[in-house]
Amino acid sequence: MKILLVDDEKKFAMMLAKRLVLREIDVDYVFSGEEALVKAENAVYDVAVLDVKMPGIGGIELERKLKKLAPDLKIIFLTGHGSKTDFETGSAEAAYYLAKPIQIEELIRILHEVTGRG
Amino acid sequence: MMERFRKALKTIRPEFYRQKNKLLNPYYTFSDYRKIWAIGITTLATAALVPLLVVTVIHYRLIEKSVDSELVLRTERLASNARRAMTFFLEERLNALRFTVNEIRYDQLANPDHLTEVLRNLKLGFGGLTDLSVIDYTGIQVAYAGPFKLEGKNYSNQVWFIECQKGNFYVSEIFRGYRDVPHIIIAVKSFRPDGTNFILRATLETERLIQTLSSYKTGAYAEIFLVNRSGIIQTPSKYYGDTFEKISLPIPDYSQRTQAVMERDDQKRSIIMGYAFITTQIADTPFILMVIKQKAGMMAIWLKLRANIQWFVGFGILVILIVVVITCTFLVNKLYLADKAKAETMALMEQNNQLVSIGQLAAGVAHEINNPLALINETAGYVKDLFVIKELYHKDEELIESIDYILEAVERCGRITGQLLGFARKFDVKIQKVNLKDAISDVLIFHNKEAEYRNIKVNVDVPQDMPEIVTDRGKLQQILVNLVNNAFQAVVSGCILEINASLAGPDKVSITISDNGCGMPAENLPKIFEPFFTTKERDKGTGLGLAITYGLVKKLHGDISVESKENEGTTFTVTLPTRIQEVMGENEDSAG
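Residues numbered from 1 in each chain as written. Chains lettered and ligands numbered in written order. Predicted model: local features only at pLDDT ≥ 70, side-chain atom pairs only at ≥ 80, totals over all residues.

Asker: Give a detailed account of the overall build of chain B, specifying residues and quantitative values.
Answerer: The secondary structure content of chain B amounts to 13 helices and 16 strands. Across chain B, every contact between residues at least 6 apart in sequence was considered, and the portion connecting residues at least 24 apart equals 63%. (Helix = DSSP H or I, 4+ residues; strand = E, 2+ residues; numbered from the N terminus. Contact = placed C-beta atoms within 7 Å.)

Encoded structure:
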């Protein structure tokens with residue numbers, strides 16, 4: 001399973017990436033939508049984990065662009081804005097929303113769920 | 001009795017006269033409604049009553065004046081007629097005597113038999129004569145015809161003799177004389193061929209005179225009588241003294257004409273006094289004819305009419321005052337109620353604005369904290385991962401435990417920021433599927449610490465098969481927060497708070513929040529959902545919590561009711577539709 005992690009909170013992205021690596025998950029992490037698009041053009045990912053609010057290309061817009069590049073890509077949104085029942089209406093293809101701070105076990109479970117490798 | 005009266009007064013007392021809620025004072029447009037009411041009544045009453053009173057007084061004065069002048073005129077006319085009769089009465093008799101002395105020679109008159117014959121003829125012609133006598137110029141009575149023996153009597157010192165010698169004719173006032181019978185003397189002087197004079201004197205009965213006067217119909221409140229010029233009453237009077245007494249009225253000044261004036265008598269009664277000085281063409285007389293009318297009696301009809309008018313005007317004033325007071329009270333009360341409604345709305349709006357501001361602040365703070373919290377979470381998680389997954393410090397349980405504490409704290413902080421963000425969204429209208437059990441748990445997070453600290457047991461009972469309801473989650477949570485807050489304020493340590501949810505029909509759910517706290521008196525129950533009603537101490541409650549709750553329940557198309565018994569507890573029941581309208585989109589995450 002190969003994952004692309006995009007979050008403008010650099011330290012958060014790095015730490016989360018390290019934890020996933022410890023769990024033997026292949027993670028690339030970048031800090032902006034623009035960098036994410038470059039990465040996605042050069043590699044194939046199973047799942048993209050995106051922060052909703054980012055400067056430049058935001059999470060929702062990035063999701064649309066990534067879907068154009070790779071229609072099979074699964075998307076998980078992270079947000080610092082509200083509890084899980086209070087998310088704004090996102091794209092219909094959006095797989096899951098997770099509220100920060102996240103529980104790593106839940107993220108792992110969802111990752112397995114969307115990739116069908118539970 | 002007083003208590004009952006006070007109670008009755010309380011029920012009719014208008015709204016603006018009651019105790020005002022001081023919290024609302026800054027929002028009122030007008031501050032002193034009692035003053036507005038008083039000014040309104042005064043102005044309206046003045047505008048309505050002054051013209052009425054002025055017209056009434058003017059009308060009354062005019063009528064009184066015309067009635068007065070009519071009375072004076074009639075009195076004058078009566079006096080004038082009576083005067084003419086009196087003058088005629090005296091003139092007729094004086095002329096008869098003059099005719100007698102001119103027609104019959106002295107020596108014939110001095111013969112008593114002849115004189116008796118003359119008296120008989122005069123009595124036949126005019127009546128009212130008692131006797132007839134001839135007195136020579138020395139004052140000795142030379143002949144007498146009549147019932148008394150008066151021949152040879154000397155009158156030379158008598159006033160009437162001296163006056164008649166001076167003026168040729170004489171009319172006396174009424175006096176008793178030698179015979180002690182009221183009578184009048186009239187006398188005519190004549191000259192004999194030898195140049196000496198003699199006087200023919202006649203005595204008149206007063207009966208005839210009194211009859212003449214009383215023949216005038218004066219009615220019950222008027223009388224006609226004679227006085228002499230020094231005010232001694234000559235003919236009987238009903239009110240002003242007996243014959244030969246001094247009259248108790250002022251004697252009018254001499255006037256040739258008949259007069260009538262308004263006066264007050266010695267007993268302060270208002271009278272109309274008509275008078276005339278009786279003067280014949282031949283001789284002056286000492287008589288003044290008096291016509292006295294009692295004004296109160298004469299005006300009885302008019303006074304009765306006036307009393308009727310006064311009653312009518314009084315009644316009219318009363319009706320006007322009642323109408324003015326009722327109208328003013330009604331209008332000022334309406335104005336007050338409108339102002340009060342406005343003030344309450346403004347206060348509520350401000351309260352809501354404050355809540356929205358607090359919500360926005362909370363959202364901002366929560367969002368800002370969430371990012372560092374996420375970093376702490378991942379960092380601590382990573383450190384733990386290093387220990388657990390890499391098995392580097394696998395054995396150091398104390399360290400693992402410490403890191404677990406950090407992670408637990410982060411998780412708890414995360415829940416709180418989540419709640420704060422949820423609170424911020426309470427004011428957006430947003431329909432979504434809500435799991436009642438979750439919603440209740442979310443609300444109770446805020447109260448866990450307090451419940452633990454105060455030893456309050458909170459039991460939540462939501463059946464497992466309870467369907468999700470479609471409603472506004474934020475509003476529902478605010479309703480629950482308010483009711484739970486309310487319950488927490490009502491209970492003491494060791495009490496139990498029960499929160500139950502159940503289906504209340506095919507498309508309704510009911511949520512009950514019961515406590516076994518202090519309860520509320522029955523008379524307060526109908527008022528508790530009114531804005532600004534509070535039983536809490538001043539400064540502790542705004543009286544808005546339950547009003548807002550009520551408004552929110554209504555917005556969710558639901559109902560709220562309350563049951564309470566003092567010292568037993570209170571139960572609030574909120575009934576909500578399971579679905580208030582079609583869901584806009586299935587945007588729920590299913591990751592819960």
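Asker: Give me unusual backbone geometry: which residues, what numbers.
Answerer: Following Lys100(A), the chain continues to Pro101(A) via a peptide bond in cis, the omega torsion being -10 degrees. For Phe244(B), which is not a glycine, the phi torsion comes out positive at approximately 70 degrees. Positionally, Phe244(B) belongs in the loop between β6 (222-228) and β7 (259-264). The residue Asn455(B) is not glycine, and still its phi comes out positive at about 60 degrees. If you trace the backbone, Asn455(B) turns up in the loop between α11 (448-454) and β11 (457-461). For Asn455(B), a count of 10 C-beta atoms within 10 Å gives the class exposed. (Buried ≥ 20, exposed ≤ 12 C-beta atoms within 10 Å, placed from the backbone.)

Asker: So, the packing of helix α12 (residues 473-490) of chain B against helix α13 (residues 545-555) of chain B: which residues are in play, and what are the values?
Answerer: All names here are of chain B. Taken N-terminus to C-terminus, the directions of α12 and α13 make an angle of 150 degrees; their axes are 9 Å apart at the nearest point. In terms of axis orientation, α12 runs roughly antiparallel to α13. Two packed elements cross with a definite hand, and for α12 against α13 that hand is left-handed. Counting all contacts with α12, which are made through Lys-475, Gln-478, Ile-479, Asn-482, Leu-483, Asn-485 and Asn-486, the residues of α13 involved are Gly-545, Leu-546, Ile-548, Thr-549, Leu-552, Val-553 and Lys-555. (Axes fitted to C-alpha atoms, helices over the stretch in contact; angles between N-to-C directions. Parallel < 35°, antiparallel > 145°, perpendicular 65-115°, else oblique. Left-handed = near helix turned anticlockwise from the far one by under 90°.)

Asker: Give a description of the sheet that holds strand β16 (residues 569-577) of chain B that names residues and reports values.
Answerer: Residues and elements named next belong to chain B. Pairing within the open sheet is mixed, and its five strands lie in the order β11-β13-β14-β16-β15. With partners counted over all chains shown, the strands left at the sheet margins are β11 and β15 (559-565), one partner each. Pairwise comparison of adjacent strand axes, ignoring direction, gives a mean angle of 10 degrees for this sheet. Across five bridges, β11 lies against strand β13 (residues 496-503) in parallel orientation. Residue pairing for β13: Val-460 is matched across the bridge by Ile-499. Sitting on the sheet, α12 touches β13, β14 (508-515) and β16, and the angle it makes with β14 is about 20 degrees. (Pairing = 2+ DSSP bridges.)

Asker: Run through the packing of helix α2 (residues 33-42) of chain A against helix α3 (residues 59-69) of chain A, naming residues and quoting values.
Answerer: Residue and element names in this part refer to chain A. The N-to-C vectors of α2 and α3 enclose an angle of 10 degrees; their axes lie 10 Å apart at closest approach. Relative to α3, α2 is oriented roughly parallel. Across the interface between the two elements, Gly-33, Ala-36, Leu-37, Ala-40 and Glu-41 from α2 touch Glu-61, Leu-62, Lys-65, Leu-66 and Leu-69 from α3. In the contact of α2 with α3, the residues fall into six nonpolar, one polar and three charged. (Nonpolar A, V, L, I, M, F, W, Y, C, P; charged D, E, K, R; others polar.)

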